[in-house]
Structures are given as C-alpha cells and as structure tokens.
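Survey of secondary and tertiary structure
Here is how the chains run, residue by residue.
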Amino acid sequence: MFDLSGHRVWVAGHRGMVGAAVVRRLASEPVEVLTADRDAVDLVRQNQVEDWIAAHRPSVVVVAAARVGGIAANDARPVDFLYDNLMIEANILAAAAKIGVAKLIFLGSSCIYPREAAQPIREDALLTGPLEPTNQWYAIAKIAGIKLAEAYRRQHGHDFISAMPTNLYGPGDNYDLESSHVIPALLRKAITARDAGAAEMVVWGTGRPRREFMHVDDLADAIVFLLKHYSASAHINVGTGCDLPIADLAAMVARTVGFTGRLCFDTSRPDGTPRKLMDSSRLAELGWRPRIGLQEGLADAWRAYVTAT
Ligand code: GDP
C-alpha cells in the first residue's frame, strides 16, 4: 500500500482526455497536483523536461502525455506517433528517475499486443507475435515505454509501474473526424446526420471488428488505485471485460443521440485489428472494478460534446 497523502503529483499531459480525468479524480485525494503547460515545457525536448522536473520536484508522476489518434491518424503520421512518443516517455522517465520520485505510472494501450493474440488478451501476450500494421508506430513506442519502466525498476530499483488501458472515450475527447477514435467520430456523425435529417450515416469498415471501451473516469480511478496498491515490474491491463462489434456500437450511438436513419458501412476504410478484448482479471483480483457502463458512458460523452461545442 502506497500512501499518496501529502505527495506532489505531476500529471504530465493534463490537457489530454486521460490527464484531465486524472486531475479531476485527484481532486478528492490529499495531494498537491502539478501540471505544466506546453509553453512551459515541451515534453519532446529532454533539457526542458529535466529543467522543469528539477525546478518543480514532483514526488509522484502520472505519464498521461502522449501523441494519440485513431486508425487513420496513426497510418498517416508514423513519425509523430513513433518519435514523439519515444521522446516523451524517455524524457519523463529519465528525469523522474534522476530526482528520485517515489512512484511513477506509465500508460500504454491495448494496441501493444499482437494482432492475432488469443482473446481475451493476457498481459503475457506481449511480444509473442506481429503487431497490427495500422497502429504499429504507436504500439512500438508504447512497448519501449513499458520496457523502460521495467528497466528502471530492475537496474535502479525505482517504483515505476505500467498500466495498459483499453480503448477509451469520454469528456475532452478528440472529435476531429479524420484523426479521432471511433466513439467520438460516431457521436459527431450521428448528431450531424440527425440535425441534417439525413437518411444515413457512414461507419468505417465492415462493422464486424470488436472493441472494448472504457469511460476515461473509470481509467482515472484505476490509475489512483494502482498508484496505491500496485508495485511490480509486470504491466497490468485496465479494461471492462466486455466488447461489442462496431456495428452494434454505431447502433447504440445512433439511439443515444436520436438518429433514426440507416447505418452505411464504408469498406474502403480499414477495419484494423479484428478483435481487441483484454483480460483484466489481474486488476480485478487486486480489488478494482469499473463503474460506468457503455450506455451511461455514451450519454455522458454526448453531454460533454454538446457542452463543449
Ligand atoms: P483502433 O481501435 O486502433 O482500430 O482505432 P479506432 O477507434 O480509430 O477504430 C476502431 C474501429 O472502429 C475500426 O474498425 C474502425 O474502422 C471503426 N470505425 C467505424 N467508424 C469509424 C469512424 O468514423 N472513425 C474511426 N476512427 N473509426 C471508425
């Protein structure tokens, strides 16, 4: 059990969907939350990260900063996804180790696992087969981050841990149709189609791939739980244990926002990995469970989108 009380917790990436949710969640913990704006520190630049950390001296670090995006963005901007993520994680972990923080949590993604991994995907499936090509750039950077956290623990004894969240959604998501993930894209498309009185809305791919989704507030709660209760070199999956086909998700989104037209599947767009359901039983055994169901979560994400636009 790690006592968070009195710690100075740096949430790196607090403007992103995950970082913002962690900041909201930490408001109910007896900690001081530190954040750094992009003009104060560019996380891709090693000297800026070292200087910022040395000046502000966090004692706990949540690495929620990353270059993220959906299936199209990953494919279109491989350098951004590989180089930026490698630099961000290496700079933060090295600087945190240098000042000797008491705890650090690194966040990866379910796309680190092989494309053909047995489902649900256990943590030990890592590096047992080829990756899904559409998001290999991001995945390779995240695998390097997990290994770097593990290496710091092994070589220098730092209490660095890694969590692998499943596909996330919620307030603060990216709603740009070309670079977003599927839930924000479908929410926006369904609202636009409903408002235009359109007969159909477009869903990418065949609708057959299956995905697992978690509301970002559940992830933030899991992160705080892991900071307190987990200390080991093995990374740990954070998922809901439920997945569904994209076609069913699209129907649910349409119902949520009140779009009653047809779903039209654009098979010129990629499906990506056929299925991505994680085995989160290790986390469940530690005593943590998600609270927000998909129906309730989609309604919340919709409200947040409407408020933000
Ligand atoms: P992935 O989990 O890394 O494949 O990332 P995404 O969230 O971008 O895509 C998940 C699945 O949803 C893929 O099979 C996409 O083809 C499908 N999908 C259906 N419609 C959309 C859409 O409008 N945007 C995105 N990003 N994906 C969509």
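This part is about the sheet that holds strand 3 (residues 60-63). Through backbone hydrogen bonds, the strands of a sheet pair up, either in parallel or in antiparallel fashion. Strand order in this open sheet of six strands is 2-1-3-4-5-9, and the pairing throughout is parallel. Of all the strands in the sheet, just strand 2 (32-34) and strand 9 (236-238) have a single pairing partner and so form its edges. Adjacent strand axes in the sheet meet at a mean angle of 25°, parallel and antiparallel pairs treated alike. As paired elements, strand 1 (residues 8-12) and strand 2 share three bridges and run parallel to each other. Along strand 2, the bridge assignment pairs Val9 with Val33. Set on the sheet, helix 7 (residues 216-229) makes contact with strand 3, strand 4 (103-107), strand 5 (160-165) and strand 9; between it and strand 4 the angle comes to about 145°.

Below, the discussion takes up the packing of helix 6 (residues 182-196) against helix 10 (residues 294-308). Taken N-terminus to C-terminus, the directions of helix 6 and helix 10 make an angle of 65°; their axes are 11 Å apart at the nearest point. As far as their axial angle goes, helix 10 and helix 6 are roughly perpendicular. In the crossing of helix 6 with helix 10, the sense of the turn from one axis to the other is right-handed. Contact with helix 6, carried on its side by Ile183, Leu187, Arg188, Ile191 and Arg194, involves Leu294, Leu298, Ala301, Trp302 and Tyr305 of helix 10 and no other residues of that element. For the contact of helix 6 with helix 10, the residue count by class is eight nonpolar, no polar and two charged.

So, on to the site of the ligand. The immediate surroundings of the ligand are formed by 17 residues, with Val182, Lys189, Arg211, Pro270 and Asp271 found nearest. A distance of 2.9 Å separates a nitrogen atom of the ligand from a polar atom in the backbone of Trp204. Considering the ligand on its own, with 540 Å² of exposed area, one finds that the protein chains cover 98% of that surface. Taken together, the elements giving at least two residues each to the shell around the ligand come down to helix 6 and strand 7 (200-204). With three residues, helix 6 is the single largest residue contributor to the shell around the ligand. The class makeup of the residues in the shell around the ligand is eight nonpolar, five polar and four charged.

Now for the packing of aromatic side chains. The full count for this structure, using the stated rule, is four aromatic pairs. Between Tyr152 and Phe160, the aromatic rings sit 5.6 Å apart at their centres with planes inclined by 55°, giving tilted as the arrangement. The pair formed by Tyr152 and Phe160 is uniform in burial state, with each residue classed as buried. A cation sits over an aromatic face here: Arg269 above Trp204, 4.0 Å from the ring centre.

With that out of the way, let us pick up the packing of helix 8 (residues 246-257) against helix 10. Relative to each other, helix 8 and helix 10 sit at 55°, their axes nearing to 10 Å. If you check the angle between helix 8 and helix 10, you find them oblique. Our pair here, helix 8 against helix 10, has a crossing hand that is right-handed. Of the residues in helix 10, those in contact with Leu249, Met252, Val253, Arg255, Thr256 and Val257 of helix 8 are Leu294, Gln295, Leu298, Ala299 and Trp302.

Close approach of charged atoms allows side chains of opposite charge to pair. Summed over the entire model, instances satisfying the criterion amount to 24 salt bridges. Where Asp159 meets Arg153, a salt bridge forms, and the shortest distance between an N and an O atom there is 2.7 Å. The exposure classification of Asp159 matches that of Arg153, with both residues buried. Taken together, the shared-partner salt bridges in this structure form one network comprising Arg25, Glu29, Asp221, Lys228 and Arg291.

What follows deals with the environment of Leu187. Checked against the element boundaries, Leu187 lands in helix 6. Judged by relative accessible area, Leu187 falls into the buried class, the value being 0%. Sequence spacing of Leu187 and Val253 is 66 residues, and the spatial spacing of their C-alpha atoms is 6.1 Å. Every residue in contact with Leu187, bar those within four places of it in the chain, is listed here: Tyr175, Val253, Val257, Leu298, Ala301 and Trp302.

Right, let's get into unusual backbone geometry. The peptide bond linking Gln119 to Pro120 adopts the cis configuration, its omega dihedral lying at -10°. Tracing the chain through its elements places Pro120 in the loop between strand 4 and helix 5 (136-156). Of note in the backbone geometry, Arg57 takes a positive phi value of approximately 45° without being a glycine. The topology assignment puts Arg57 in the loop between helix 2 (46-56) and strand 3. Judged by relative accessible area, which is 47%, Arg57 ranks as partly exposed. Although it is not a glycine, Leu127 sits at a positive phi angle of roughly 60°. Turning to its location among the elements, Leu127 is positioned in the loop between strand 4 and helix 5.

What counts as what
Residues numbered from 1 in each chain as written. Predicted model: local features only at pLDDT ≥ 70, side-chain atom pairs only at ≥ 80, totals over all residues. Heavy atoms only, no water. Pairing = 2+ DSSP bridges. Helix = DSSP H or I, 4+ residues; strand = E, 2+ residues; numbered from the N terminus. Axes fitted to C-alpha atoms, helices over the stretch in contact; angles between N-to-C directions. Contact = heavy atoms within 4.5 Å. Parallel < 35°, antiparallel > 145°, perpendicular 65-115°, else oblique. Left-handed = near helix turned anticlockwise from the far one by under 90°. Nonpolar A, V, L, I, M, F, W, Y, C, P; charged D, E, K, R; others polar. Near = heavy atom within 4 Å. Polar contact = N/O pair within 3.5 Å; in protein donor to acceptor, adjacent residues only side chain to side chain. Areas by Shrake-Rupley, 256 points an atom, 1.4 Å probe, with all protein chains shown as cover. Phe/Tyr/Trp six-rings, centres within 6.5 Å; stacked < 30°, edge-to-face > 60°. Buried < 20%, exposed > 50% of the residue type's maximum accessible area, 1.4 Å probe, protein only. Lys NZ or Arg CZ within 6 Å of the ring centre and 35° of its normal. Salt bridge = Lys/Arg side-chain N within 4 Å of Asp/Glu carboxyl O.

That is the geometry; function is a separate question.
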